[in-house]
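Reading the structure
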Amino acid sequence: MQIDVVDMEGKRIGQVELADEVFGCKVREHLLWEVVKAQRAARRAGTHSTRTRQFVRGGGKKPYRQKGTGNARQGSIRSPNFVGGGKVFGPHPRDYEYTVPRKVRKAALASALSLRAQEKKLVIVDSLMLETPKTKRMASVLKALGVESAVLVDKKDNETLTKSVRNMPTFVCLPPEGLNVYDILMHKSLVMTKDVVKAVEARVVEEANKATV
């Protein structure tokens, strides 16, 4: 498939050929859900913790004698059935991250890219290089491109783009290696420079080849 290439003023200056297996495949929503769930799980801190009976202070003395009081037999006021006692089966620090098969990750990324292409929310720009980091200048460029919320994909060494976008809450700048399903779906548009298109395609195809080895 072919798509128009525009400059930073939003004017059409040419076209670029996109691989159908990356930008024109069927959108598989269940794979998007699976990968987003895995990404969100990996971002969880997992630092929650409750105090069990052994960590609650006090309760060293038997609260009352074993027999004759009419109360149930108790060995400590810090047992779980007392107010202020330890918690049973409460959460403890753990790692929520789990692995999604490489083939699924590849298919999900291709589905997310194809979704943006089908929605006409994929913008290919000739260049996003500024002379100096300038948020105001980048805001005017993005306005000319007609995007209000987007993932901007360019080479890792484009520091002027990264610094110009970092104070803009509805935009995120990523290199081709860091492009992921979660960020694509969390932003309305996807803006890529012409130079990184082949790198993104190569990454998806490479992951597919590794999955079949």
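Scoring rules and cut-offs
- Residues numbered from 1 in each chain as written.
- Predicted model: local features only at pLDDT ≥ 70, side-chain atom pairs only at ≥ 80, totals over all residues.
- Heavy atoms only, no water.
- Axes fitted to C-alpha atoms, helices over the stretch in contact; angles between N-to-C directions.
- Helix = DSSP H or I, 4+ residues; strand = E, 2+ residues; numbered from the N terminus.
- Parallel < 35°, antiparallel > 145°, perpendicular 65-115°, else oblique.
- Left-handed = near helix turned anticlockwise from the far one by under 90°.
- Contact = heavy atoms within 4.5 Å.
- Nonpolar A, V, L, I, M, F, W, Y, C, P; charged D, E, K, R; others polar.
- Core = buried A, V, L, I, M, F, W, Y, C linked by side-chain atoms within 4.5 Å.
- Buried < 20%, exposed > 50% of the residue type's maximum accessible area, 1.4 Å probe, protein only.
- Phe/Tyr/Trp six-rings, centres within 6.5 Å; stacked < 30°, edge-to-face > 60°.
- Lys NZ or Arg CZ within 6 Å of the ring centre and 35° of its normal.
- Polar contact = N/O pair within 3.5 Å; in protein donor to acceptor, adjacent residues only side chain to side chain.
- Pairing = 2+ DSSP bridges.

**Topic: the packing of helix H2 (residues 29–43) against helix H3 (residues 102–118)**
One can describe the packing of H2 onto H3 by two numbers: an axis separation of 9 Å at closest approach and a directional angle of 115°. The angle between H2 and H3 places the two elements in the roughly perpendicular class. The crossing of H2 and H3 is left-handed. Counted together, Leu31, Leu32 and Val35 of H2 and Val104, Arg105, Ala107, Ala108, Ser111 and Ala112 of H3 form the full contact between these two elements. The residue inventory of the contact of H2 with H3, partitioned by class, reads seven nonpolar, one polar and one charged.

**Remarks on the nonpolar core**
The biggest cluster of nonpolar side chains holds 36 residues, and the ones touching the most others in it are Phe23, Leu113, Leu122, Leu179 and Met192. Considering every element that reaches this core, the biggest residue donor is H3, with eight residues.

**A few points about the packing of aromatic side chains**
Counted by the stated rule, this structure contains zero aromatic pairs. Here the basic side chain of Arg44 rests over the ring of Tyr96, its NZ or CZ set 3.7 Å away from the ring centre. Just above the ring of Tyr96 sits the side chain of Arg94; from NZ or CZ to the centre is 3.9 Å.

**Thoughts on the side chain of Ser79**
Relative to the elements of secondary structure, Ser79 occurs in the loop between H2 and H3. Within the local environment of Ser79, its side chain forms a polar contact with the backbone oxygen of Ser76, the two atoms lying 3.2 Å apart. Polar side-chain contacts of Ser79 include one of 2.7 Å to the side chain of Asn81. Those residues in contact with Ser79, other than ones at most four positions away along the chain, are Arg53, Gln74, Gly85 and Gly86.

**Regarding the pairing of strand E1 (residues 2–6)**
Relative to strand E2 (residues 12–17), E1 runs antiparallel, the two sharing five bridges. Looking across to E2, one finds that Gln2 is bridged to Glu17. Connecting E1 to the next strand, E2, in antiparallel fashion are five residues, including Gly10 with a positive phi near 85°. Judged from the two bridges that link them, E1 and strand E3 (residues 122–125) form a sheet pairing that is parallel. In the strand pairing of E3, Val5 is matched with Ile124.

**With respect to the pairing of E3**
Because side chains alternate across E3, one face comprises the buried residues Leu122 and Ile124, and the other comprises Val123 and Val125, equally buried. Sheet topology places E3 next to strand E6 (residues 189–193); four bridges connect them, and they run parallel. Looking at E6, one finds that Val125 is bridged to Thr193.

**Concerning unusual backbone geometry**
Positive phi is not limited to glycine here, since Phe89 has a value of about 60°. Structurally, Phe89 is set in the loop between H2 and H3. Despite not being glycine, Lys120 shows a phi value in the positive range, around 60°. In this structure, Lys120 sits in the loop between H3 and E3. By relative accessible area, which is 71% here, Lys120 ends up exposed.

**Observations concerning the environment of Arg44**
Structurally, Arg44 can be placed in the loop between H2 and H3. Residue classification places Arg44 among the partly exposed residues on the basis of a relative accessible area of 44%. Separated by 52 residues in sequence, Arg44 and Tyr96 place their C-alpha atoms 6.7 Å apart. A polar contact is formed between the side chain of Arg44 and the side chain of Tyr96, at a distance of 3.4 Å.

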